[in-house]
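# Coordinates in review
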Amino acid sequence: MANVPQEIAFVADLIYSAGEFRPGLALVCDAEGRVTSLVSVDHLTNQKRIRLANRAVLPGMLNAHSHAFQRVLRGRTEYRTSDRDSFWTWRELMYSAATRLSPEDVYDASRMAFLEMALGGITAVGEFHYLHHAPDGKPYDDPNLLAKEVIRAAGDVGLRIALLRVAYVRSGFKAEPNPRQTRFIESDAETYLKNLDGLATSVRSPTVREGNSRNDALADARASDTAWVGVAPHSVRAVPLDYLREVIGYANERDLKTHMHLAEQPAEVSACVEEYGRTPIALLESEGLLSDRFTAVHAIHVTPKAIASFAQTGAMVCACPTTERNLGDGVVPADEYLRNGVEISLGTDSHAQIDLFEESRELEYHLRLQKLERAVLGARTSSSASDTAAYLFDCATINGARSIGAPGGALEAGKPADFFTVDLNDPTIAGASSDDLLASIVFSASRAAVREVVVGGKPIVSEGQHLIQEEVIERFNELQKRLWS
Ligand SMILES: [Zn+2]
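This one's a predicted model, so the numbers in the text were calculated from it and none came from an experiment.

## As for the coordination of the zinc ion
Binding of the zinc ion to the protein goes through His65 (NE2), His67 (NE2), His261 (NE2) and Asp349 (OD), at separations of 2.1 to 2.7 Å. If you look at the zinc ion, its four donor atoms make angles of 82 to 172 degrees with each other, and the shape they trace is irregular. Judged by relative accessible area, His261 falls into the buried class, the value being 6%. Judged by relative accessible area, Asp349 falls into the buried class, the value being 4%.

Set out below in structure tokens:
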């Protein structure tokens, strides 16, 4: 007789589900790593119990915008290179690293970034991947070699990954080609889509679920919930309109997510107006390219009118406040997006820091500094618990899952058992009651308060240590020495 795989019951002091922390519950998951129920500890039967003492369990966070290799830049761009340093001068420093990385380096840098994410309670990442070719601009024998190195890194760390494969064509409207962009460029949409299709085939789950009647690889790609693909036309600057139409049309037909940098810098908006007579949002909206599968990354330099028309399409925004403050990009008008019903996810983008608690609080704090007000994003209910914190935590979880098409985002039956714990005795949150614990975590917790991280029912971080932490850091230290000496 076959053994019936045993369920696991995670028993913690508090579990965050349906918008509140509840005591006395166990999170039960099956052998596939899916949540089967949240039940009272008294009602447990023969499940294997894992006691998480002095811990609160929260759903794993989703990092919706990452360029993993940029982890190598940390600390190396914090100086003045011209009379007026900006995003554009930073970009030249970033390119100087991007042009030098080997496939193995991309793997080591990505693993470092993903390790840091895991240690901070992140369980899935949307990787906006644009390094495609060898340093001389020639495609590798496998045109997806570097994308696969990034996916391998995520798998080895234990994160789920949406590989958002970037389309990049040109330096800009009427701009000379930039030789430092040759690793990114696929100049025709046909080549891009062929390579996207090849990547989708390689990440396809070996056991495609029944009921998926479509026979092509892209439709099946979503059947794997550990790695899947989406499309990412880099920006209106880097991808001309006809190419954009093909890529987004292709993605929509196959129900893939589309991510795109949008209105991060005023210069990008003015170049778009010069080329098309329309702002980036007006261009995409009037061309019918926005939908509920679309995420606009940054979306800072936009008008209230553009936000209102953007909202009609069901599209989302991904804000990256720690990068936006680091690069001097500006402030995401999250209050206007909230008022218009546009959902916001969060990303760590350039990895100046990797901490989604910090991204969450900065979304609110930037607005406080700008408007000289408090609780700017908190006006949506009259409840006395912190609706600001609840809103910000939803951005880091539920909205992130929707943005990248990940299966998690909440702890409820049928979802994967992706979660992290915080130590209730951590000095940054000690003394919180169950009513103000979420606000303590969102506004005040150090990343060090995260103690366990579980993805699909399997622990990847225990007592604040990742299973392969030492090796990942050692390899990354070697890479940094080689790159920068
Ligand atoms: Zn970005």
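Following the structure, the description resumes.
## A few points about the pairing of strand E12 (residues 316–319)
In summary, the side chains of a regular strand alternate between the two faces of the sheet. Residues Met316 and Cys318 of E12 are buried on one face, and the alternating residues Val317 and Ala319, pointing to the opposite face, are buried as well. Two strands pair when backbone bridges link them, and strand E11 (residues 294–298) and E12 are joined in this way by three bridges, in the parallel orientation. Bridging across to E12, Val297 finds its partner in Cys318. Bridging between E12 and strand E13 (residues 344–346) involves three bridges; their strand directions are parallel. For Val317, the partnering residue across the bridge sits in E13 and is Ile344.

## A word on the side chain of Ser171
By the element assignment, Ser171 lies in the loop between strand E8 (160–167) and helix H4 (189–203). Taking the relative accessible area as the measure of exposure, Ser171 reaches 14% and is therefore buried. Those residues in contact with Ser171 that lie beyond four places of it in its chain are Glu176, Pro177, Asn178, Gln181 and Arg237.

The rules behind these values
Residues numbered from 1 in each chain as written. Predicted model: local features only at pLDDT ≥ 70, side-chain atom pairs only at ≥ 80, totals over all residues. Heavy atoms only, no water. Donors = N, O, S within 2.8 Å, 3.2 Å for Na, K, Ca; no water. Tetrahedral: all angles 85-135°; square planar, octahedral: opposite > 155°, others 65-115°. Buried < 20%, exposed > 50% of the residue type's maximum accessible area, 1.4 Å probe, protein only. Helix = DSSP H or I, 4+ residues; strand = E, 2+ residues; numbered from the N terminus. Pairing = 2+ DSSP bridges. Contact = heavy atoms within 4.5 Å.

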